[in-house]
Amino acid sequence: MTNSVKKFVAPEHVAIIMDGNGRWAKRRYLPRVFGHKQGVKTVKSIVKAADSLGIKVLTLYAFSTENWKRPQDEIDALFNLLLVFLKKEFDELNEKGVKLRILGDILKFPQNVQNEIKKVCKASSENCGLQLNIALNYGSRQEILRAYENMRKEGVENPTEEQFSSFLYTQGQPDPDLLIRTSGEMRLSNFMLWQMAYGEIYITDKFWPDFTKEDLKKAVEEYNKRDRRFGGI
Ligand code: FPP
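Quantities reported herein were computed from a predicted structural model and do not represent experimental measurements.

Enquirer: Can you explain the overall build of the chain? Please cite residues and give values.
Expert: On a plain count of helices and strands, the chain comes out with 7 helices and 6 strands. When the helices and strands of the chain are placed in sequence order, the string is β-α-α-β-α-β-α-β-α-α-β-β-α. Over its C-alpha trace the chain gives a radius of gyration of 18 Å, about what one expects of a compact globule, namely 17 Å for 233 residues. Along the first, second and third principal axes, the C-alpha set of the chain runs to 50 × 50 × 35 Å. When the 233 residues of the chain are sorted by exposure, 46% land in the buried category. At a minimum sequence separation of 6, the contacts of the chain that also span at least 24 residues come to 77%. For the chain, the exposed area adds up to about 12,900 Å²; of that, 51% sits on carbon and sulfur atoms. Side chains of the chain give 37 positive and 31 negative charges; the mean places of these two sets differ by 4 Å.

Structure (structure tokens):
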């Protein structure tokens, strides 16, 4: 069968490093926050597009453990945007059956943001549609150390890979099949280091605010051309 007639297979899990908000704004002589604001619009459209394409799990890297180094007003603006997204935008996604999980340690977040996150996670917990993971105050090395610490507390010794995976934030979910990074950078940036052992990587030069549902489809089509051997031949 040639590639042109091969059946289109949606990756089960797509993870995205949403990069380039700041540069998008800079190009327009706008403050960085405008890039993040536009980035939230992209988030909403890409969640819906992922669902339509048959993707089961979508993970978005929204705030890393390193992002605390940013100016406080940018951090506050990101919290605000997240709050607005959860309060105003998530309803429509909830109706579509989207289920929210947070990857990361949100205890350092403002109390009102934590409350809203918990509320939305609870309200969507019975949903059966797309699983949306938002990585917040997430760092993969921190996640691995946390897993190690929790395993130690539970007396788990010599864990299998499956056991170890069950102590990660993504427990019970398949590993990403495809990782997309926008804005041309070619780094994992402390994102899903364990889970990405065999994941395919797709880099686009587009900045996150410019990333469209057609771009997502293009990435999935490219994924369909990859020959995944998982170390075999
Ligand atoms: C990277 O661009 C983007 C971020 C660190 C934040 C991503 C956040 C959002 C898209 C908005 C909030 C998310 C949700 C889920 C509501 P950058 O600022 O590092 O861009 P640059 O590399 O061009 O400076």
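Still more ground to cover, so stick around.
Enquirer: Can you tell me about the side chain of His13, naming the residues and giving the values?
Expert: Tracing the sequence through the fold places His13 in strand β1 (residues 13-17). A polar atom in the side chain of His13 sits 2.7 Å from the side chain of Thr59. Beyond its immediate chain neighbours, meaning those up to four positions away, His13 contacts Val57, Thr59, Asn133, Gln173, Pro174, Asp175, Pro176, Asp177, Leu178 and Met192.

Enquirer: Give a description of the packing of helix α3 (residues 72-95) against helix α4 (residues 111-123) that names residues and reports values.
Expert: In the contact formed by α3 and α4, the axes pass within 10 Å of each other and the chain directions differ by 15°. With respect to each other, α3 and α4 are oriented roughly parallel. Here α3 runs over α4; the crossing is left-handed. Taken together, the residues of α4 that come into contact with α3 (itself represented by Phe79, Leu82, Leu83, Leu86, Lys87, Phe90 and Asn94) are Asn112, Val113, Glu116, Ile117, Val120 and Ala123. Tallied by class, residues from the contact of α3 with α4 come to 9 nonpolar, 2 polar and 2 charged.

Enquirer: Tell me about the packing of aromatic side chains, residues and numbers included.
Expert: A complete count under the given rule lists 14 aromatic pairs for this structure. A centroid spacing of 5.5 Å and a plane angle of 20° characterise the contact between Trp208 and Phe211, whose relative ring orientation is stacked. We classify Trp208 as buried; its relative accessible area is 1%. In this structure Phe211 comes out as buried when scored by relative accessible area, which is 2%. Chaining the aromatic ring pairs together yields one cluster made of Tyr61, Tyr138, Tyr169 and Phe191. Stacked on the ring of Trp68, the Lys or Arg Lys108 has its end atom at 4.5 Å from the ring centre.

Enquirer: Residue-level account of the pattern of salt bridges, with values.
Expert: Under the defined criterion, the tally for this structure stands at 16 salt bridges. Where Lys119 meets Glu116, a salt bridge forms, and the shortest distance between an N and an O atom there is 4.0 Å. In this pair, Lys119 and Glu116 are both assigned in helix α4, 3 residues apart and thus about one turn of the helix distant. Taking the relative accessible area as the measure of exposure, Lys119 reaches 55% and is therefore exposed. Here Arg187 and Glu185 are joined by a salt bridge, their closest N and O atoms 3.3 Å apart. Among the charged side chains, a salt-bridge network with shared partners connects Asp19, Arg23, Arg181, Glu185 and Arg187.

Enquirer: Please set out the site of the ligand residue by residue, giving values where relevant.
Expert: As a matter of local geometry, the ligand sits amid 17 residues, with Met18, Gly22, Arg23, Arg32 and Arg70 nearest to it. Gly22 has a polar backbone atom sitting 3.0 Å from an oxygen atom of the ligand. The contact in question runs from an oxygen atom of the ligand to an N or O atom on the side chain of Arg70, over 2.8 Å. Broken down by element, the residue count for the shell around the ligand peaks at 4 residues, all from helix α2 (residues 32-53). Its residues placed into classes, the shell around the ligand shows 7 nonpolar, 6 polar and 4 charged.

Here is what the cut-offs are and how they apply
- Residues numbered from 1 in each chain as written.
- Predicted model: local features only at pLDDT ≥ 70, side-chain atom pairs only at ≥ 80, totals over all residues.
- Heavy atoms only, no water.
- Helix = DSSP H or I, 4+ residues; strand = E, 2+ residues; numbered from the N terminus.
- Rg over C-alpha atoms; globule rule 2.2 N^0.38 Å.
- Buried < 20%, exposed > 50% of the residue type's maximum accessible area, 1.4 Å probe, protein only.
- Contact = heavy atoms within 4.5 Å.
- Areas by Shrake-Rupley, 256 points an atom, 1.4 Å probe, with all protein chains shown as cover.
- Lys, Arg positive; Asp, Glu negative; His and termini not counted.
- Charge placed at Lys NZ, Arg CZ, Asp CG, Glu CD.
- Polar contact = N/O pair within 3.5 Å; in protein donor to acceptor, adjacent residues only side chain to side chain.
- Axes fitted to C-alpha atoms, helices over the stretch in contact; angles between N-to-C directions.
- Parallel < 35°, antiparallel > 145°, perpendicular 65-115°, else oblique.
- Left-handed = near helix turned anticlockwise from the far one by under 90°.
- Nonpolar A, V, L, I, M, F, W, Y, C, P; charged D, E, K, R; others polar.
- Phe/Tyr/Trp six-rings, centres within 6.5 Å; stacked < 30°, edge-to-face > 60°.
- Lys NZ or Arg CZ within 6 Å of the ring centre and 35° of its normal.
- Salt bridge = Lys/Arg side-chain N within 4 Å of Asp/Glu carboxyl O.
- Near = heavy atom within 4 Å.

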